Amino acid sequence: MDPEAERIVKDFTSILEELTFNSRPIITTITKIAEENISYSQYFVDALENRIDKCVPGQKLYAFYAVDSICKNAGSPYTIYFSRNLFSLYKKTYLLVDNNTRSKLINMFKTWMTPNEATGGPLFEGAALERIEKFLIKASALHQKNFQLKLPTPTVPLLLRDIDKLTVLTNERLRNLPNDEKLLMKLNVLSQLKQSLQREKLSQDALRQVQLQLKQIFAQDQKVIQDSVRRQQQQNEQGESKQSSKDHTMENGSKETGSYNNNVHSESSTPFSPLFSSSSGSTPPVSSTLFGNISSFLPAQNFAEIERSNKISSLNKLYESLNEEGLLYEPPKESVVTLYNKLNKDSELSSINDTVKNLPPISTLQNILFDCKAYFSTVNINVSNIPSLQFNQQNIANKNPLVTNSLINLLYRVKSNKCSTCGKRFGNAPEEKKLYNEHLDWHFRINNRIKGSSVSSTSASLAAAANKNIQSRNWYLSALEWINFKDDFIVSTKEVVDEDRQTNSQNNRAGIVTLPSGGKISSATGSNVSEESLYNKFVAVPESSVDMTFKCPICKDVVSSVYDEESGEWIWKNTVSIDGKYFHATCYHETSKNSR
Amino acid sequence: MSLLPGINEATEPLELVNDSNEVHSLAIPIGSQWKVDLPSDFKLAITIKSGIAEVLGTELANDTEYHFQNWKFTVFAVEDVELSWKCTQSLQPKIESNNTASQIYNLHFALEKVRNSSFYGPKVLIIGERNSGKTSLCRILSSYTIKFKSYQPLLINLDPNESIFSPPGCLTATPISDLLDPQSPSWGQSMTSGATALHSKQPYVENFGMEKISSNKQRYMSNIEQLASAVNKRITSDALVQRSGCIIDSPSLDQYDDNLDDLEQIIQRLNVNMVVIICDDDGLYQKVNNRVKPIIGDLMIRLPKLSGVIETDDVYKRSLQRSAIREYFYGNIQTVLSPFTAGVDYNELTIWAPRDLTYDTSAGKDEALELLPVTLEASTLQHAIIAITYADKNANKEEVSKASIMGFGLITEVNEKRQKMRILLPVPGRFPHNAAILTSSRYLE
Ligand SMILES: [Zn+2]
Ligand SMILES: [Zn+2]
């Protein structure tokens, strides 16, 4: 190497040594030297490779930016030389750096795949790029797996909360793109998922599926959000690098400041090809544009994979950053997705479009905030210790800020679990949540029973209609019965087995029976036989019986048998057998009660 | 209660799928209300889209359609509310601010403080002028009480013109153990034999059987005495009810004796320890205050006429009473009940009637409580509501007048020739072997 060469390479190396931050001026200088001294290219490549290999992980990316800049501006032979070790350097770097840097490496890689203006091909040799690509796909898959492992176990309430958050985010996006049908459709899916989750019980697996699919459906939305987060970050970074590069700019007398890739992608007029075309404000933030014009170089399948892994890694990033900020509530178990499957069983997501109607403009985020505020407004408040709640004219007549600002929340938002069927509220303590779940189950059972007992308008025969489980008003209780009555028998939402039914049925099968309001009845209130339990008594038509009907000796009504699917037998409903005679259970009970 | 015409009003679902029905949206700002002055033949459906809305203290579920008919009520916005509504006829919603809500909240939390610091809940009597919002206040306070904790306040209705879990003409006591039905002017369902969408309630029922308490004040006070006896025993044996306390609705002040003796009796019989008077008339307030203060001390407060009150007339009240009778037998849209028509021979029936002293001026004070035997004839019994007692058919009149009420029957047909009647009963089966008491309610199916 001649002295001149030695001097230039030494200069180059020492400037390269300064590249300890993302400095556009340094990279520009290095690029210029490389461009003007093509004959020493081999040395520059060695220096850069050495730099990438030896410098601390935090600075490796900037050296890569230098490589990127040189190759994009000077082109061959640098592109050829760098192609030799590109894969191993890239891989080594990728494995050493943090996730944020990784995504920057990936983005840089994507620009390498973009056809070069001069050559019409990708920046580096196909074989090197292909290896990197394979490596990235593997890495992302691993990533994804880790990510899945890290996903919290889904539960219904947590998934509901996820859905609420996604609804808010989607609504926010919709505000900017009011005509976006995809977003509308997503909103609809979300609201349907929410309803189904609230209505039905799902297995753990199903919930997990819901969770994953939610993540997938909304990976793109999250990417958009992530991009805006990143843009913000970059702005901050830019600020930082401006400060630290001050000295260099002074030395160079150059007015160019800022970091390499920032300027690259924020100014489309730069000679460098854009690194982050997808996040630049001028292009629509649609993921397909990321890979828009390289389809001629990679099989379509690979793009999809890259796209997906990219989405997943950005999702992962978003997830982690949100998590770090404590903004994520982690759904432990169950999740929303079988639901989604159910909804989507026969049709593609897009067909739900048809059902998109006026969705509630409810701002769920606001709800969450209000709930939190409500909760905090009532912490450490004990109603019995507040003098202004003393019952007197002044306290009642005057505005009491404590009541209007704090206490009132005890009636509403502090109990943030509001039943979507009846509006009843439940708090967040474990026992309240248990009650809430029992309450929802109760609605479910009751609704089934109401549906089951409602008289169908198309009932084929009168006999069938007569045997329907007819509902009627109960007699009131006598004073004594009422005094000893406990309303817990009505309002309990637990399921109970009615022993009465078992002992009175000839086929000894257990039947779960809930009483009038789904409550239980105890033997302690024996005098208070519920009409419901009477109606539930039945007698299987004896095989010896010639007639499938009998006449109730009390009301003279003819009772026809109905086929009971559960037992596979013909039965007489609301019937008891007394001394070989058959009676309406209700008639018999009334008569015996009145005559005692 | 004179004749209540009801032209074959079977319970049928709201036919809201009418081409002329548009879905309207409506925003109610926080603290304001929509007074739904719904004409009796209109059917209205409301769906809360966002925010917190309540009907007389009962919070409505969001995105659930509620149906209203034959009722005037108020939708109050606890927070900014957006809702959608449709109606069978054109309706112009008017939104106005509610300036008494804050006092009701103050009142609720004052009662809450009592429940919180003692095993003996407040026994608060609500009195006031006609159409001042007494019943609404009771309903709101009951709802807030169960909203706050799983209390079971005892709602006591002393106004026979109101129908709360019962047909009109009754005095009732009902533990409010779960949500009230925001769609129901009679607050919800009493127990039925089957499933109801909300938990039904179990009232204790005294039958006064007349419209004006002045028709037989002695009978009214005797009803109260019996009711109070049952209530006080229930409270003693039911710790939750005891702690939750009583909320007592009462007839308007103009119906009491001029010296307010009956008010004092009510306070004492039911161990009332707090009184809320809704009254804009200073003179009346002063008069009541002078009478009540010596009994309960300073524990009487005054509220202005409630903001949500909708001016109504007797025609409306009659139609409410008529629907309460219909609902007793037939249920409502959500809970369709099947009553049973029993054929009853004259000799299976004993019917008594209370004395109406408005006409029966000859009766002395001692005789006022006496029941009179009713001659079985079409002119007195056709379309009449009778109260079926727990007393045996052959029991003497003292026993009958002390007996609890089992339920009501509607005499749909009197056949004097064949000495037979057809009586509509809530419960299928024979007419009970029990004595009945004629009420002044008439219902034409
Ligand atoms: Zn519910
Ligand atoms: Zn029978």
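Residues numbered from 1 in each chain as written. Chains lettered and ligands numbered in written order. Predicted model: local features only at pLDDT ≥ 70, side-chain atom pairs only at ≥ 80, totals over all residues. Heavy atoms only, no water.

Under an unreviewed UniProt entry, the name given to chain B is Polynucleotide 5'-hydroxyl-kinase GRC3, and the organism recorded is Kazachstania africana. What the UniProt record of chain B gives under Function (unreviewed entry) is the line "Required for endonucleolytic cleavage during polyadenylation-dependent pre-mRNA 3'-end formation." UniProt, in its Subunit (unreviewed entry) section for chain B, records the words "Component of a pre-mRNA cleavage factor complex. Interacts directly with PCF11." (UniProt positions renumbered as here; feature names shortened; annotations may be inferred.)

Under an unreviewed UniProt entry, the name given to chain A is CID domain-containing protein, and the organism recorded is Kazachstania africana.

A. Looking closely at the sheet that holds strand β9 (residues 81-87) of chain B. All names here are of chain B. Strand order in the open sheet formed by four strands is β2-β9-β4-β7, with antiparallel pairing between adjacent strands. Of all the strands in the sheet, the pair left with one neighbour each is β2 (24-28) and β7 (65-69). When the angles between neighbouring strand axes are averaged without regard to direction, this sheet yields 30 degrees. Two elements, β2 and β9, share five bridges in a ladder whose sense is antiparallel. Its bridge partner being in β9, Leu 26 is matched across the sheet by Leu 83. (Pairing = 2+ DSSP bridges. Helix = DSSP H or I, 4+ residues; strand = E, 2+ residues; numbered from the N terminus. Axes fitted to C-alpha atoms, helices over the stretch in contact; angles between N-to-C directions.)

B. Representation of the coordination of the zinc ion (ligand 1) within the structure. Residue and element names in this part refer to chain A. Every protein donor of the zinc ion (ligand 1) is listed here as Cys 419 (SG), Cys 422 (SG), His 439 (NE2) and His 443 (NE2), and their distances to the metal cover 1.9 to 2.3 Å. Every donor residue of the zinc ion (ligand 1) comes from the same chain, spaced as C-x2-C-x16-H-x3-H. With a gap of 24 residues between them, Cys 419 in the loop between β1 (417-418) and β2 (425-426) and His 443 in helix α19 (residues 430-453) connect regions that are remote in the sequence. An identical accessibility class is assigned to Cys 419 and His 443; each is buried. (Donors = N, O, S within 2.8 Å, 3.2 Å for Na, K, Ca; no water. Buried < 20%, exposed > 50% of the residue type's maximum accessible area, 1.4 Å probe, protein only.)

C. Molecular detail of the sheet that holds strand β3 (residues 32-36) of chain B. Residue and element names in this part refer to chain B. The sheet built from five strands is open, its strands ordered β6-β5-β8-β3-β10 with antiparallel pairing. The open sheet is flanked by β6 (58-59) and β10 (95-97), the only strands paired with a single partner. Bridge analysis of β3 against β10 gives three bridges, and the strand direction is antiparallel. By the bridge assignment, Trp 34 is partnered in β10 with Ile 95.

D. Focus on the interface of chain B and chain A. Between chain B and chain A, the residue contacts involve 94 residues of the former and 72 residues of the latter. For the pairing of chain B and chain A, the buried interface totals around 7,400 Å² over both sides, and the portion due to carbon and sulfur atoms is 59%. Among the residues chain B hides against chain A, the three largest losses belong to B:Lys113, B:Ser193 and B:His199. Together they make up 10% of the total. At the boundary of chain B and chain A, one finds five salt bridges. Linking A:Lys424 and B:Asp178 is a salt bridge whose minimum nitrogen-to-oxygen distance equals 2.9 Å. Along the contact surface separating chain B from chain A lie 40 residue pairs in polar contact (both at pLDDT 80 or more). With 13 residues, the single largest contributor to the side of chain B that touches chain A is helix α1 (residues 101-117) of chain B. Here the side of chain B that touches chain A is built from residues that sort into 47 nonpolar, 29 polar and 18 charged. (Contact = heavy atoms within 4.5 Å. Buried area = accessible area lost by both parts, 1.4 Å probe. Salt bridge = Lys/Arg side-chain N within 4 Å of Asp/Glu carboxyl O. Polar contact = N/O pair within 3.5 Å; in protein donor to acceptor, adjacent residues only side chain to side chain. Nonpolar A, V, L, I, M, F, W, Y, C, P; charged D, E, K, R; others polar.)

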